[in-house]
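A closer look at the structure
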Amino acid sequence: LDVELPREPWRTVWIDGMRYVWTGPGHWRVIGPRHRIGNLIDRLRHADHRGAVTELTGALSCFRIAGSGAAELLMRVCPLALGSINRDEARGTSISGVPALIVREASSVGSWLILPPRSYAEYVGLSLVEAARTPDRLRLFEPASPPPV
């Protein structure tokens, strides 16, 4: 395969336009341009390894949130402590209650990839837009204050 896959939990590597994400012991998710996936699948299926190759093309959507306010926007819809994620790391989490893989990219500006199931793409997209429109931090994941007496 000519790629050194990440061996540490949730680490990612970016090699030749493809991102390889450790998602569990012996499990990786590959993110890249659709036109390159077919060649990669052929190489993996013919490589000398034990395991299965499952093509998820079309199963997931991908959103990129980038800019100085990216983490703030994501904190409005994601319960994960984003400050605990280093560059080139990923986590399994949820976005507005939808399971998703989130990847912090190594870039000079805050840049995150969000990969929810494709069937939830419209909902997640609208949630991200609403979070961007909201001027203050949503308190979705904080304990509710008791009503005034």
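In the block above lies the structure referred to throughout.
Residues numbered from 1 in each chain as written. Predicted model: local features only at pLDDT ≥ 70, side-chain atom pairs only at ≥ 80, totals over all residues. Heavy atoms only, no water.

Section: unusual backbone geometry
For Asp-16, which is not glycine, the phi torsion reads 50 degrees and is therefore positive. When you line up the elements, Asp-16 lands in the loop between strand 1 (12-15) and strand 2 (18-24). Its identity as a non-glycine residue notwithstanding, Asp-88 has a phi of 65 degrees, on the positive side. Note on placement: Asp-88 falls in the loop between helix 2 (70-75) and strand 5 (89-95). (Helix = DSSP H or I, 4+ residues; strand = E, 2+ residues; numbered from the N terminus.)

Digging into the pattern of salt bridges
Pairing between side chains of opposite charge can happen when their charged atoms approach one another. Scanning the entire structure with this criterion turns up seven salt bridges. For Asp-88, the salt bridge is made with Arg-19, and the minimal N-O distance between the two is 3.2 Å. Taken as a pair, Asp-88 in the loop between helix 2 and strand 5 and Arg-19 in strand 2 lie far apart in primary sequence, 69 residues in all. A relative accessible area of 3% means that Arg-19 is categorised as buried. Salt bridges sharing common partners tie together Arg-19, Arg-64, Asp-88 and Glu-105. (Salt bridge = Lys/Arg side-chain N within 4 Å of Asp/Glu carboxyl O. Buried < 20%, exposed > 50% of the residue type's maximum accessible area, 1.4 Å probe, protein only.)

Overview of the packing of aromatic side chains
Overall, the coordinates contain one aromatic pair when judged by the stated rule. Seen in terms of ring centroids, Trp-10 and Trp-22 are 6.2 Å apart; in terms of plane orientation they differ by 75 degrees. Their pairing is edge-to-face. Residue Trp-10 is located in the segment before strand 1, and its partner Trp-22 is located in strand 2; the two are separated by 12 residues in the primary sequence. Trp-10 gets classed as partly exposed once you look at its relative accessible area, which sits at 23%. (Phe/Tyr/Trp six-rings, centres within 6.5 Å; stacked < 30°, edge-to-face > 60°.)

Digging into the environment of Tyr-20
Assignment of secondary structure puts Tyr-20 in strand 2. Judged by its relative accessible area of 4%, Tyr-20 falls in the buried class. Note: C-alpha distance between Tyr-20 and Leu-5 (15 residues apart in sequence) is 6.7 Å. Once you skip the residues sitting within four places of it in the chain, Tyr-20 turns out to touch Val-3, Leu-5, Pro-6, Arg-11, Thr-12, Val-13, Ile-15, Arg-29, Val-30 and Leu-40. (Contact = heavy atoms within 4.5 Å.)

Quick notes on the nonpolar core
If you look at the biggest cluster of nonpolar residues, it comprises 17 residues, and the most contacted ones within it are Leu-74, Ile-95, Trp-112, Ile-114 and Leu-128. Only helix 2, strand 6 (98-104), strand 7 (111-115) and helix 3 (121-133) provide two or more residues apiece to this core. Residues Val-3, Met-18, Tyr-20 and Leu-40 belong to the second largest nonpolar core, which totals eight residues. (Core = buried A, V, L, I, M, F, W, Y, C linked by side-chain atoms within 4.5 Å.)

Concerning the sheet that holds strand 7
If you walk across this open sheet you meet the four strands as 4-7-6-5, and the pairing is antiparallel. Each edge of the open sheet carries a strand with a single partner, namely strand 4 (63-66) and strand 5. Taking the axes of each pair of neighbouring strands and ignoring which way they run, one obtains an average angle of 25 degrees across the sheet. Of the strand pairs in this sheet, strand 5 and strand 6 are connected by seven bridges, and their pairing is antiparallel. Bridging across to strand 6, Arg-91 finds its partner in Ile-102. Packed on one face of the sheet, helix 3 meets strand 4, strand 5 and strand 6 and runs near 10 degrees to strand 4. (Pairing = 2+ DSSP bridges. Axes fitted to C-alpha atoms, helices over the stretch in contact; angles between N-to-C directions.)

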